[in-house]
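Structural overview for review
Take a look at the letters that make up each chain.
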Amino acid sequence: MRIFIDCTHTAENTYKNTGIHRVVRELIAELVNLSSSHPNIEIVPVKFDGKFMRRVTNLQIENHKHPTKINQYSLSLIKTNRNLQVVLTKVRNKFINRVGFISDLIDWLYLNYYNNAKVALEFEEVKILPEDIYVIADANWDLPKTYYKFLKILKLHQVNIAVICYDIIPIKFPEFCSNKFAEAFTKFYGEYSTLFDRVLCISKNSANDYNAAREKGILASNNPNLIVKNFRLGSNYYNHDISLNIDNNFDANLRKLLDKRYILVVGSLVMHKNIKAVMAAFDLLVNSNCEDTYLLFAGNRGWDSETDSLIESHRMYGKLIHILGSVTDSQLEVLYKNCYCLVQASFYEGFGLPVVEALQHCKPVIASTGGSLPEVGGDFCIYFDPTQPTELYQALKKLLDSDIDYNHLVERIKNEYKPFSWQECAEEFLYHLCN
């Protein structure tokens, strides 16, 4: 049996290292390792090229040896090239979609030809079999219409279609997304969910949300045999021989920050991350004479101008408050290792990868009660209502004011918290996929 893992978005955007991209890389790496002990299973990473799938041989993120030392001219060229890639991809997909009405008749004849003539479907000259599985593991909701037709062909050959559902935020909370993104995401799940045989969610909460959307008719409920399961994500990055040499990963200014007592916030600066509450709570900290505590954001800006402005306009921006932008796995490892605590203030999360990563490093976590966070953090986190920034401030102040409370929490995490590895994640994923 072959399991095709669709990682189109990650394969075509190797410079990105957001949550989904990190999950895709880690999961595929562990699945490939696991397949060596399962002779009847072959893991095949693939991407969609506009017509069919082709093998992916490299998913490694673009890595500059000294990313923080690139001169501004080179950085500008890199960003321009990346933006051009994105624009060209969107133009290509729009073109394919707009000429789709011309090719609809051809595609109908094509699908009927495959169906009636019983033509064998092959990948790398090997016949695709009914027992094979195709997993949509990536953020594929912006692919052209031909992707749907490609999946239909797989279905005609009785290939099982599975999808990893990270969350349904654009459906459940469209106010946290741009109208364009919410529309594209909802349309993808609305149309493609008719093809799914299995939906593997990254938490029980996400699985419940998916089933609730089916019951409401938002997602397809035409398949009575649809299986919706959940699996847990891993948190370790030790498999990649990550260098923790601070000199190699940070410039002089950032190295100085690592010696400070800092609160860490990990993730892109998007609306549902509730950065407004973080800033309000930190403002109260500064006003209560906690001026030796820093606030570091490790994640991309540019998603929401209001959020960016909220941080950059603060009187302590560039002093106690810093946006580090996108960071590599090795940089993130160092940031976790040296932080005072992690704050995850999101209104909603499908999982909350930073929570388990921080706990693995035995760091206190103050998290909101949004979405899956209580499920993921268990009783090892301090929780607060995401609509009440004062609660976040009080939780932070309590830790900062008492070394005894802080050290007690750290010791408890060290002694009782059991991290979940990416190997265990892959094993659980494979079990739900194949059973």
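Relevant structure appears above.
So, a few notes on the structure that sits alongside this text.

What counts as what
Residues numbered from 1 in each chain as written. Predicted model: local features only at pLDDT ≥ 70, side-chain atom pairs only at ≥ 80, totals over all residues. Heavy atoms only, no water. Salt bridge = Lys/Arg side-chain N within 4 Å of Asp/Glu carboxyl O. Helix = DSSP H or I, 4+ residues; strand = E, 2+ residues; numbered from the N terminus. Expected span 1.5 Å × (residues − 1). Buried < 20%, exposed > 50% of the residue type's maximum accessible area, 1.4 Å probe, protein only. Arc of directions from axis to C-beta. Core = buried A, V, L, I, M, F, W, Y, C linked by side-chain atoms within 4.5 Å. Contact = heavy atoms within 4.5 Å. Pairing = 2+ DSSP bridges. Axes fitted to C-alpha atoms, helices over the stretch in contact; angles between N-to-C directions. Polar contact = N/O pair within 3.5 Å; in protein donor to acceptor, adjacent residues only side chain to side chain.

Opposite charge on two side chains makes pairing possible when the charged atoms of those side chains draw close. Summed over all chains, the structure comprises 15 salt bridges. Ionic pairing is found between Asp209 and Lys172, a salt bridge with its closest N-O pair at 3.6 Å. A residue pair is termed long-range when its members are at least 10 positions apart, and Asp209 in helix α8 (residues 204-215) and Lys172 in helix α6 (residues 169-172) qualify at 37 residues. Close ionic contact of Arg412 with Asp379 constitutes a salt bridge, the shortest N to O distance being 3.2 Å.

Turning our attention to helix α18 (residues 422-434). With 13 residues, α18 should reach 18 Å at 1.5 Å per residue; the first-to-last C-alpha distance of 18 Å fits that figure. Burial in α18 covers these residues: Trp422, Cys425, Ala426, Phe429, Leu430, His432 and Leu433. All buried residues of α18 lie within an arc of 165 degrees about the axis, which places them on one face of the element.

Grouped together as the largest cluster of nonpolar side chains are 135 residues, with contacts concentrated most on Tyr134, Tyr189 and Phe297. Residues in contact with Phe297, not counting those within four places in the same chain, are Val265, Leu269, Ile275, Val278, Met279, Ile311, Ile321, His322, Ile323, Leu324 and Gly325. Residues Phe176, Cys177, Ala182 and Tyr348 belong to the second largest nonpolar core, which totals five residues.

With respect to the secondary-structure elements, Lys260 resides in the loop between α10 (252-258) and β10 (261-266). Among the residues examined, Lys260 registers a relative accessible area of 38% and is labelled partly exposed.

Right, let's get into the sheet that holds β10. One open sheet holds the six strands; their spatial order is β12-β11-β10-β13-β14-β15, and the pairing between them is parallel. Only two strands of the sheet have a single neighbouring strand rather than two, namely β12 (321-323) and β15 (382-384). Sheet twist, expressed as the mean angle between neighbouring strand axes with direction ignored, is 20 degrees. Here three bridges tie strand β11 (residues 293-298) to β12, and the two strands are oriented parallel to one another. Opposite Leu296, over in β12, you have His322 as the bridge partner.

As for its placement among the helices and strands, Ser368 is situated in strand β14 (residues 365-368). Residue Ser368 is classed as buried on the basis of its relative accessible area, which comes to 0%. Here Ser346 takes part through its backbone oxygen, which lies 2.4 Å from a polar atom of the side chain of Ser368.

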